[in-house]
Amino acid sequence: MAATLPPAVGADDFRRGMRRLASGVTIIAAAHGGERSGLTATAVSSLTTEPPQLLVCVNRSAAAHELIRRGEALCVNALALEHRALAERFAGIGGVHGPERFEAGAWTTLATGAPVLADALAAFDCVVVDAVDVATHTIFISRVVAVRAREDGIALAWEAGGFASVRRED
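Let me begin by describing the structure that accompanies this report.

**Some remarks on the packing of aromatic side chains**
How two aromatic rings sit relative to each other is given by the distance of their centres and the angle of their planes.
Stage number 1. Here the structure, examined in full by the defined rule, presents 4 aromatic pairs.
Stage number 2. Here phenylalanine 90 and phenylalanine 102 contribute two aromatic rings whose centre-to-centre distance is 5.1 Å and whose plane-to-plane angle is 85 degrees, an arrangement assigned as edge-to-face. One end of the pair, phenylalanine 90, is in helix H3 (residues 84-90); the other, phenylalanine 102, is in the loop between H3 and strand E7 (107-109), and 12 residues separate them in sequence. The two residues phenylalanine 90 and phenylalanine 102 agree in class, both being buried.
Stage number 3. Ring geometry for phenylalanine 102 against tryptophan 107: centres 4.9 Å apart, planes inclined by 70 degrees, an arrangement best described as edge-to-face. Like phenylalanine 102, the residue tryptophan 107 is buried in the burial classification.

Below you can see the structure in the form of structure tokens.
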């Protein structure tokens, strides 16, 4: 018999706690049928290494959501500190939407045809192998089919409601 679950914490308490959980900043980009779309996201995580897979969580209200679902491919572009303006642009700050977001930055492709930021700290080109709808978001389980990574750069992070940098201490 399943145990009775205690009540969930309130949304305000949850948000306050999550603000202190630093996350890498990424641009999730997709292309399908000649259309490109992308968004700034922090809800990305490694899932498995054999096979290499990522979890990518996207709000279903995001413009890029349906393009990712239809095209079944995406690229997770890990951003460096110098990409802050690009992160803001893909977050919709400044009112830039849709394919106009790609007018800044140097974009290319790898195996799937999803947009790859040429100077990203790392770019994970993925095919979507499963999609799970949970509340307001879809979790895209994505198999990594190509990777490009830099050896230099300082990671852009999101913490306490603002951008931060991640510097190694070694």
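What follows picks up the thread again.
**Some words on the sheet that holds strand E11 (residues 155-159)**
Stage number 1. With antiparallel pairing, the 3 strands of this open sheet are ordered in space as E1-E11-E12. Looking at strand neighbours, the two that pair on one side only are strand E1 (23-24) and strand E12 (162-166), the edges of this open sheet.
Stage number 2. Bridging between E1 and E11 involves 2 bridges; their strand directions are antiparallel. Within E11, the residue paired with serine 23 across the bridge is tryptophan 158.

Conventions we followed
- Residues numbered from 1 in each chain as written.
- Predicted model: local features only at pLDDT ≥ 70, side-chain atom pairs only at ≥ 80, totals over all residues.
- Heavy atoms only, no water.
- Phe/Tyr/Trp six-rings, centres within 6.5 Å; stacked < 30°, edge-to-face > 60°.
- Helix = DSSP H or I, 4+ residues; strand = E, 2+ residues; numbered from the N terminus.
- Buried < 20%, exposed > 50% of the residue type's maximum accessible area, 1.4 Å probe, protein only.
- Pairing = 2+ DSSP bridges.

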